[in-house]
Amino acid sequence: MTNGGFARISTLTFLLCCAGSALALGPAEDRARAALARIERVDPAVNSVLAVNSEAIRQAQAVDSMGLGGPLAGEPILIKDNIEVSGMPTTAGSLALAGNDTRRDAPIVTRLRAAGAVIVGKTNLSEWANIRSSSSISGWSAVGGQTRNPFALDRNPCGSSSGSGAAVAAGLVQYAIGTETDGSVTCPAAINGIVGLKPTVGLVSRTHIVPISASQDTAGPMTMTVAQTADLLTTIAGSDPADPATAEADKRKTDYARLLRSEELKGKRIGVMRFAAGFGTDGPFSAALELMKKQGAVLVEIDKFDDKAIGDNELVVLLTELKAGLNDYLKTTPATVTTRTLADVIAFNKAHADAELTLFGQELFEKAEATKGLADPAYLKARRTSFQAAGPNGIDRLLKQYNVVALVGPTMPPAWKIDAVNGDQISGGGAGSLAAVAGYPHLTVPMGQVKGMPVGLSFIGPKWSEGLLLSLGYCYEQARGPLPNPRFLRAIEDSPEIAPHLQPIRR
């Protein structure tokens, strides 16, 4: 265990044993202590929690003293470590931001506190939200090390919200916050067997969150159930004067839990994205479609979609916006952060290559540094082309052409193995990039397992359709019923269902 790991356990022991009386605990304090105990007991195998909050017990006691009500009151929650929480460093997993305690709460954290949620810690993530290298290992950061999938510890939890997904799946908490630019909420949610929602860009504030892309970034809920995701979204959604993208959020948001209906699929025409299916998920996906039909859904096959314009242009957009956004963010960090620009971060990584660059490089950072700014005609054309292909000519066109209210498909393949030699080896992916580039909502709900590893079912809809997607997902989830919990196997090949078949036949 690293020195940081020892420090974390020491802090946990103090919080559990020394803060407050063990007698007559209030409900919030009781839940916070239980969550911290689970982190201490379970997380050493998973490594999903980067740091615990030394103020968690005191915050829980304050919630109890105020008698706050509501679905999140007293609930322990974990926050991805690219989101600012006052009193805790916000590192994005990088040693360059190890001293980044801004003493600010991101607006979404302020909303969580007001609702009575108790922030018990920060989760590990793919460093810099997985934008540093195309050869990265998802779930790894220099600050936090490697997060592991609780279903099989040698398998990847996906990223970049790796710790948030793995922590909820492992039962450390019921609620976590992740962030997504393209797949960073929905992939770890699907691969760890939980619910994840990437909201419409502009429904949730991005202020005081380490940025990648102004046109695609958003925070989102990661929970065990669709109802919990609905409650969490209701809490964090809303306008923020510091984030112009959220100007419409207050008018668009609602109490999403009140929209959940167990018969929502009845009579609904749903587009089946065959063009985004396969990669080992056919069995669970076929079962999910049959279940949706039994719930009254009318399924419409969509065989083809040309995503070339998205693939050819998205990276130009992300890298250009990364340089601009990160430079602006770093200007607001305290003097303890000596990296004030992306160029400084690149130089820092080179100077600390033994810690930062041993497993993979930073070629995407270097390409981003070479971009020419937000007024560059090449960037403007790429953004216009990719958005048009994903939104108006993508999701919107498919919904209209096939007369459907939403699109469904498998979210991602089952988890691949952690591979320090080759980096992420991913066999395929669903249609998540459509929603990411368009800025439209994308919900993933567990749909089953492939040889013991979870896979998710994606629901994608037009802008501001979170209520519909959550209700469709809720209806499916209620009909599907419970799924197996993680077993924390050393490897899936050790499972009793698989291990005997790997042995030679004795004659």
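Residues numbered from 1 in each chain as written. Predicted model: local features only at pLDDT ≥ 70, side-chain atom pairs only at ≥ 80, totals over all residues. Heavy atoms only, no water.

Spatially, eleven strands are ordered β1-β3-β2-β6-β8-β7-β12-β13-β11-β9-β10 in an open sheet, and the strand pairing comes out mixed. Of all strands in the sheet, those bounded by a partner on one side alone are β1 (49–52) and β10 (298–302). Strand-to-strand twist in this sheet, taken as the mean axis angle between neighbours without regard to direction, amounts to 30°. As paired elements, strand β7 (residues 195–198) and strand β12 (residues 442–450) share three bridges and run antiparallel to each other. When the bridges of β12 are listed, Gly 196 appears paired with Thr 444. The strands touched by helix α14 (residues 377–401) within the sheet are β10, β11 (406–410) and β13 (453–460), with β11 carrying the most contacts at an inclination of about 110°. (Pairing = 2+ DSSP bridges. Helix = DSSP H or I, 4+ residues; strand = E, 2+ residues; numbered from the N terminus. Axes fitted to C-alpha atoms, helices over the stretch in contact; angles between N-to-C directions. Contact = heavy atoms within 4.5 Å.)

Moving on to the pairing of β13. For β13, a buried count of eight out of eight residues is recorded, marking the element as mostly surrounded by other parts of the structure. Of the two faces of β13, the one lined by Met 453, Val 455, Leu 457 and Phe 459 and the one lined by Pro 454, Gly 456, Ser 458 and Ile 460 are each fully buried. As judged from the four bridges shared by β11 and β13, these two strands associate in the antiparallel manner. Counterpart to Pro 410 in the pairing with β13 is Leu 457. Taken together, the eight bridges between β12 and β13 define a ladder with antiparallel strand orientation. By the bridge assignment, Thr 444 is partnered in β13 with Ser 458. Here β12 folds back onto β13, and the loop between the two strands holds two residues, one of which, Lys 451, carries a positive phi near 50°. (Buried < 20%, exposed > 50% of the residue type's maximum accessible area, 1.4 Å probe, protein only.)

On to the nonpolar core. Ranked by internal contacts, the top residues of the largest apolar core, which has 55 residues, are Ile 108, Ile 177, Met 292, Phe 459 and Tyr 476. When residues of this core are assigned to their parent elements, the largest contribution, six residues, is made by helix α16 (residues 466–480). Non-local contacts of Met 292, meaning those with residues more than four positions away in its chain, are made with Leu 265, Ile 270, Ala 297, Leu 299, Val 408, Leu 457, Phe 459 and Tyr 476. With 29 residues, the next largest nonpolar core counts Val 52, Ile 57, Val 168 and Val 185 among its residues. (Core = buried A, V, L, I, M, F, W, Y, C linked by side-chain atoms within 4.5 Å.)

A separate point is the confidence of the model for the protein. Averaged over every residue, the pLDDT of the protein is 95; the share at 70 or more is 95%. Contacts for the low-pLDDT stretch residues 1–9, under 50 throughout, to residues beyond four places or in other chains number eight contacts. Confidence drops under pLDDT 50 across residues 18–22; counting only partners more than four residues distant or on other chains, this segment forms ten contacts. (pLDDT = per-residue confidence, 0-100.)

Counting through the fold element by element, Ser 465 comes out in the loop between β13 and α16. There is a polar contact of 2.6 Å between the side chain of Ser 465 and the backbone oxygen of Pro 462. If we ignore the near neighbours within four places in the chain, the residues touching Ser 465 are Thr 200 and Pro 441. (Polar contact = N/O pair within 3.5 Å; in protein donor to acceptor, adjacent residues only side chain to side chain.)

Take the packing of aromatic side chains next. Applying the stated rule across the entire model yields four aromatic pairs. With centroids separated by 5.6 Å and ring planes inclined at 40°, the aromatic side chains of Phe 275 and Phe 305 adopt a geometry described as tilted. With Phe 275 in the loop between β9 (269–273) and α9 (282–294) and Phe 305 in the loop between β10 and α10 (308–331), this pair connects stretches of sequence that are 30 residues apart. A relative accessible area of 15% means that Phe 305 is categorised as buried. For the pair Phe 459 and Tyr 476, a centre-to-centre distance of 6.4 Å together with 55° between the ring planes defines the contact as tilted. With Phe 459 in strand β13 and Tyr 476 in helix α16, this pair connects stretches of sequence that are 17 residues apart. (Phe/Tyr/Trp six-rings, centres within 6.5 Å; stacked < 30°, edge-to-face > 60°.)

So, about the pattern of salt bridges. For the coordinates displayed, the defined rule picks out 25 salt bridges. Two residues, Arg 261 and Glu 264, come together in a salt bridge whose shortest N-O distance is 2.8 Å. A salt bridge links Lys 417 to Glu 493; the nearest nitrogen and oxygen atoms lie 3.7 Å apart. Taken together, the positions of Lys 417 in the loop between β11 and α15 (432–438) and Glu 493 in the segment after α16 put the pair 76 residues apart, joining distant regions of the chain. A network of salt bridges, in which partner residues are shared, links Asp 154, Arg 155, Lys 417 and Glu 493. (Salt bridge = Lys/Arg side-chain N within 4 Å of Asp/Glu carboxyl O.)

Here we take up unusual backbone geometry. For the bond from Gly 159 to Ser 160, the omega torsion is 10°, close enough to zero to count as cis. As for its position among the elements, Ser 160 is in the loop between β5 (145–146) and α5 (162–169). Backbone geometry places Asn 47, a non-glycine residue, at a positive phi of 60°. Here Asn 47 lies in the loop between α2 (27–46) and β1. Residue Asn 47 is classed as partly exposed on the basis of its relative accessible area of 22%.

This next bit is on the state of the cysteines. Enumeration over the complete set of coordinates arrives at one disulfide. Each disulfide pairs two cysteine sulfurs, and for Cys 158 the partner residue is Cys 187, the sulfurs being separated by 1.9 Å. Residues Cys 158 and Cys 187 are joined by a disulfide whose S-S torsion is about 105°; by sign, that bridge is right-handed. Note that Cys 158 is positioned in the loop between β5 and α5 and Cys 187 in helix α6 (residues 186–191), a separation of 29 residues in sequence. (Disulfide = S-S within 2.5 Å.)

Residues Val 195 and Leu 197 point to one face of β7 and Gly 196 and Lys 198 to the other, with burial holding for every one of them. Direction of pairing for β7 relative to strand β8 (residues 218–223): antiparallel, over a ladder of two bridges. Paired with Val 195 across the strands is Thr 223, a residue of β8.

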